[in-house]
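Fold and geometry: a report
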Amino acid sequence: MEDAEAVNLAADWADISQGLRKDLGHQLHSQWIKPIQIGGIDKDTGTLDLFLPTEFSANWVNDRFHDRLQLAWKIARSEVRKVRVQVHPGRRQIHELRLDGGRRAANDGGDTSAIAVAAGTIGDAGFTSSVGLDPSLTFAAFVTGEANVLAKNAAERMAATEQPQFSPLYLKAATGQGKTHLLHAIGHAYLSAHPRARIFYCSAERFMVEFVQALKQNQMIEFKARLRSFDLLLVDDIQFIIGKASAQEELLYTIDALLAEGKRLVFAADRAPQALDGVEPRLLSRLSMGLVADIQAADIELRRKILESKLTRFAPLDVPGDVVDFLARTITRNVRELVGGLNKLIAYAQLTGQEVSLQLAEEQLTDILSANRRRITIDEIQRTVCQFYRIDRSEMSSKRRARAVVRPRQVAMYLAKVLTPRSYPEIGRKFGGRDHSTVIHAVRLIEDLRQRDADMDGDVRSLLRQLES
Ligand SMILES: Nc1ncnc2c1ncn2[C@@H]1O[C@H](COP(=O)(O)OP(=O)(O)OP(=O)(O)O)[C@@H](O)[C@H]1O
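Per an unreviewed UniProt entry, the chain carries the name Chromosomal replication initiator protein DnaA and comes from Altererythrobacter arenosus. According to its UniProt record, the chain has this under Sequence similarities (unreviewed entry): "Belongs to the DnaA family." For the chain, the Subcellular location (unreviewed entry) comment in UniProt is given as "Cytoplasm".

This paragraph deals with the site of the ligand. Close to the ligand lie 20 residues; Thr175, Gly176, Lys179, Thr180 and His181 are nearest. A distance of 2.8 Å separates an oxygen atom of the ligand from a polar atom in the side chain of Arg336. Protein contact buries 94% of the 630 Å² of open area that the ligand shows by itself. Secondary-structure elements contributing two or more residues to the shell around the ligand are helix H6 (179-193), helix H11 (300-314) and helix H13 (335-352). At three residues, H6 tops the list of elements feeding residues into the shell around the ligand. Of the residues in the shell around the ligand, the class split is seven nonpolar, seven polar and six charged. If you count residues domain by domain, the shell around the ligand takes at least three from each of domain 2 (108-295) and domain 3 (300-373).

Right, let's talk about helix H7 (residues 204-216) for a bit. Every α-helix carries 3.6 residues per turn, so stepping three or four residues along brings you back to the same face. For H7, built from 13 residues, the straight-helix expectation of 18 Å at 1.5 Å per residue is met to within 8% by its first-to-last C-alpha distance of 18 Å. Judged by how many residues are buried, H7 sits mostly within the fold: 10 of 13 residues are covered. Residues of H7 that are buried: Ala204, Glu205, Arg206, Phe207, Met208, Val209, Glu210, Phe211, Gln213 and Ala214. Once H7 finishes, Asn218 follows within two positions and takes phi at roughly 55°, a positive value.

Turning our attention to the side chain of Thr420. Position of Thr420 relative to the elements: it lies in the loop between helix H17 (403-419) and helix H18 (424-430). Looking at Thr420, the relative accessible area reads 9%, which means it is buried. A distance of 2.6 Å separates a polar side-chain atom of Thr420 from the backbone oxygen of Ala416. Here the side chain of Thr420 touches Arg422 through a polar contact of 3.2 Å, landing on its backbone nitrogen. In this structure Thr420 touches Ile376, Thr377, Ile378, Ile381 and Leu415, once residues within four positions along its chain are discounted.

Attention shifts here to the pairing of strand E1 (residues 37-42). Inspection of the sheet shows E1 paired to strand E2 (residues 47-52) by four bridges, in the antiparallel sense. Bridge pairing in E2 links Ile38 to Leu50. In this structure, the hairpin formed by E1 and E2 is closed by a connection of four residues, where Gly46 is found at a positive phi of approximately 70°.

Conventions and cut-offs
Residues numbered from 1 in each chain as written. Predicted model: local features only at pLDDT ≥ 70, side-chain atom pairs only at ≥ 80, totals over all residues. Heavy atoms only, no water. UniProt positions renumbered as here; feature names shortened; annotations may be inferred. Near = heavy atom within 4 Å. Polar contact = N/O pair within 3.5 Å; in protein donor to acceptor, adjacent residues only side chain to side chain. Areas by Shrake-Rupley, 256 points an atom, 1.4 Å probe, with all protein chains shown as cover. Helix = DSSP H or I, 4+ residues; strand = E, 2+ residues; numbered from the N terminus. Nonpolar A, V, L, I, M, F, W, Y, C, P; charged D, E, K, R; others polar. Domains from an automatic or database assignment. Expected span 1.5 Å × (residues − 1). Buried < 20%, exposed > 50% of the residue type's maximum accessible area, 1.4 Å probe, protein only. Contact = heavy atoms within 4.5 Å. Pairing = 2+ DSSP bridges.

Spelled out as structure tokens, the structure:
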């Protein structure tokens, strides 16, 4: 690579990396993005190589950040058409373990060819991606508990032979709680029941990129025709469609066309359809006209079951019960971190020949553990809300029914439900011994107000920022 070219790439990378730091936060960024080294751009194929020091980290980054990295690079440098994440050539001999199987994008040459062929690609129309269903993300590998059973059942219906009573299915959950897993599982199950089916899985980000490329290359007719030829369309991270009017319109027409033919559609997002700012109302109504299924944060029982299931399926070495219990109790934020923590611990133990123990977990998972240890308390929430609305702290428990104190109290109850693992009765007790139905009412009311009242939404956002910082 020429020196000047290397300097330019380094400058672009500095910008991209900084942007990702803002999006992902310090911990994820320093663990996975910072170690990336930039290779050169292959002028013929437009492929940019990104190198990571180990197989494990290359797989991880590829799983989680490939699309974002590729999109960012495509925006930064028009000559980049594809980003390839791989282990640094000098490090290939390092063997690391992946508990969750090889989750690779199809365009990286992963072993998804059978699926890709059966599922079809948008290909010629400028849609360069082929379907990349991860073989490990199946219904059988999806562990259920109270938090996700509704979503899992709905997903199974979507894949069943008989026509589901609803479409689209819209899966809603915070990050790392299994949306993508269920999308892939639907794809696999549908494909095994209909081996000739045409399935397309993509993220909304990728949909946008392909849409813009098709526009630029005057290939919209082919793009539309191919998009509408799928029997099952799975669109992940639909929140990223926000604000792009023309792409939204195309998606809207595609949804209408597919629904009219009884085809199946599944969307996943980190928020409810009504909370997708900047999405035009007609698209919003399509997204929410079927079934919106929520995946709640995994509770301790489910977290333990997930770890045990991963260990039964893939564990190459013994992980003592007290370590499983410790991880399930401590890594509460999301399942991705939970499984990632277990993966990391086992990989480290394997590479160094040590036994997995509580001490090793404490030593090796410091970042994940400390990020998960920060717990917001109901007292903290009440204090912050009272300061914000300038009311006396005693009003949180008082019986006063003046609107000036009732609304802040309801906001505090809502935040307690969102930010703490406390149950409705526990929250009620902290608010002057109120009944759990009062708390449920408050939570629903504030959820509803946030959608209808921009001021209320602004207040809650600002409180969330203060409490989560
Ligand atoms: N119920 C579950 N059973 C087994 N594995 C799970 C479950 N939920 C999540 N996982 C695993 O956790 C990891 C993260 O899940 P996934 O990628 O589906 O999250 P997501 O909700 O799509 O997150 P994001 O919004 O950040 O994309 C994956 O490895 C997935 O297999």
